[in-house]
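One-letter residues, chain by chain:
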Amino acid sequence: EPEVTQTPSHQVTQMGQEVILRCVPISNHLYFYWYRQILGQKVEFLVSFYNNEISEKSEIFDDQFSVERPDGSNFTLKIRSTKLEDSAMYFCASMAFRQFFGPGTRLTVL
Amino acid sequence: AQTVTQSQPEMSVQEAETVTLSCTYDTSENNYYLFWYKQPPSRQMILVIRQEAYKQQNATENRFSVNFQKAAKSFSLKISDSQLGDTAMYFCAFMKEGGSEKLVFGKGTKLTVNP
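Criteria and cut-off values
- Residues numbered from 1 in each chain as written.
- Chains lettered and ligands numbered in written order.
- Predicted model: local features only at pLDDT ≥ 70, side-chain atom pairs only at ≥ 80, totals over all residues.
- Heavy atoms only, no water.
- Contact = heavy atoms within 4.5 Å.
- Buried area = accessible area lost by both parts, 1.4 Å probe.
- Salt bridge = Lys/Arg side-chain N within 4 Å of Asp/Glu carboxyl O.
- Polar contact = N/O pair within 3.5 Å; in protein donor to acceptor, adjacent residues only side chain to side chain.
- Helix = DSSP H or I, 4+ residues; strand = E, 2+ residues; numbered from the N terminus.
- Nonpolar A, V, L, I, M, F, W, Y, C, P; charged D, E, K, R; others polar.
- Core = buried A, V, L, I, M, F, W, Y, C linked by side-chain atoms within 4.5 Å.
- Buried < 20%, exposed > 50% of the residue type's maximum accessible area, 1.4 Å probe, protein only.
- Disulfide = S-S within 2.5 Å.

Here's the deal with the interface of chain A and chain B
Okay, step 1: Contact with chain A, which involves 23 residues of that partner, is made by 20 residues of chain B.
Okay, step 2: In this assembly, chain A packs against chain B so that about 1,800 Å² is buried in total across both faces, 57% of it on carbon and sulfur atoms.
Okay, step 3: One salt bridge connects Glu 56 of chain A with Lys 102 of chain B, and the closest N-O pair in it is separated by 2.6 Å.
Okay, step 4: Run the count over chain A and chain B and you get 7 residue pairs in polar contact (both at pLDDT 80 or more).
Okay, step 5: At the level of secondary structure, the elements contributing two or more residues to the side of chain A that touches chain B comprise strand S4 (31–37), strand S5 (44–50), strand S6 (53–57), strand S9 (88–96) and strand S10 (98–101) of chain A.
Okay, step 6: Broken down by element, the side of chain A that touches chain B gets its largest block of residues, 4 residues, from S4 of chain A.
Okay, step 7: Residue composition of the side of chain A that touches chain B, by class: 14 nonpolar, 6 polar and 3 charged.

Written as structure tokens, this is what we have:
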């Protein structure tokens, strides 16, 4: 079965630094998503992306966050100036009939 | 806005027995989808089962089945013949019908299968 892939699997960064989380959705999927999960909590929606633009974003997705599909295959989430509370697991998903999740990137902000 | 409620933070079951995880949701939509996802310690999100709201027949996938009560807005997951590998967090999720709709998750139920 095709898979969504994410890199890196674990990212450690200093507070205030920029991070870019990368995802390769399943080819021929048209809808892409980022979710996050703070340890021990539920999975929360961040943003959805379709036709090279944001379809919907949550309150969490403020000006510090941005998404991009730079080359037709990768789908990236950038956090400009990380905060301690950005430490979480970040999941990418792509959709056709149902959402396929990647394995996640664990972001640790020190 | 849609909400999903899982009222059982933790549950345990003996191996080979049956367990039911509860989920209720709130929506004014008529067409939507419901899901159960399993999250083992690796934290990978694994789809267990999917239900379309327009289908009256309850979905089944091998040992996993749901009891979907649309009027009551209830969507429980039954795991039969529980196995040690079923130990995980289980999340119930809702998605409106539409192109780029998001998943709305409940807080999860931590299931432990005891030998």
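Read on for the rest.
What about the nonpolar core?
Okay, step 1: Ranked by size, the top nonpolar core spans 26 residues in total, and within it Tyr 25, Trp 36, Phe 75, Leu 77 and Tyr 90 of chain B carry the most contacts.
Okay, step 2: Of all the elements in the fold, those that place two or more residues in this core are strand S3 (19–21), strand S5 (32–39), strand S6 (46–52), strand S8 (64–69), strand S9 (74–79), strand S10 (88–96) and strand S12 (109–114) of chain B.
Okay, step 3: Residue contributions to this core peak at 4 residues, all from S10 of chain B.
Okay, step 4: Phe 32, Leu 46, Phe 61 and Phe 75 of chain A belong to the second largest nonpolar core, which has 22 residues in total.

Looking at the state of the cysteines
Okay, step 1: Taken as a whole and assessed by the stated rule, the structure comprises 2 disulfides over all chains.
Okay, step 2: Each sulfur of the disulfide joining Cys 23 of chain A and Cys 92 of chain A lies 1.9 Å from the other. Between Cys 23 of chain A and Cys 92 of chain A the sulfur-sulfur dihedral comes to about -60°; the bridge is accordingly left-handed. One end of the pair, Cys 23 of chain A, is in strand S3 (residues 19–24); the other, Cys 92 of chain A, is in strand S9, with 69 residues separating them in the sequence. Like Cys 23 of chain A, the residue Cys 92 of chain A is buried in the burial classification.
Okay, step 3: The disulfide bridge from Cys 23 of chain B ends at Cys 92 of chain B, spanning 2.0 Å between sulfur atoms. With the S-S bond torsion at -70°, the cross-link from Cys 23 of chain B to Cys 92 of chain B turns out left-handed. Placement of the pair is Cys 23 of chain B in the loop between S3 and strand S4 (24–26) and Cys 92 of chain B in strand S10, with a sequence separation of 69 residues. One exposure class covers both Cys 23 of chain B and Cys 92 of chain B, and it is buried.

A short note on the environment of Lys 102 of chain B
Okay, step 1: In this structure, Lys 102 of chain B sits in the loop between S10 and strand S11 (104–105).
Okay, step 2: For Lys 102 of chain B and Trp 36 of chain B, which are 66 residues apart along the polypeptide, the C-alpha to C-alpha distance reads 15 Å.
Okay, step 3: In this structure, Lys 102 of chain B is in contact with Tyr 33, Tyr 35, Phe 45, Glu 56 and Gln 99 of chain A together with Phe 94 and Met 95 of chain B, ignoring residues within four places of it in sequence.
Okay, step 4: For Lys 102 of chain B, the side chain forms a polar contact with the side chain of Glu 56 of chain A, separated by 2.6 Å.

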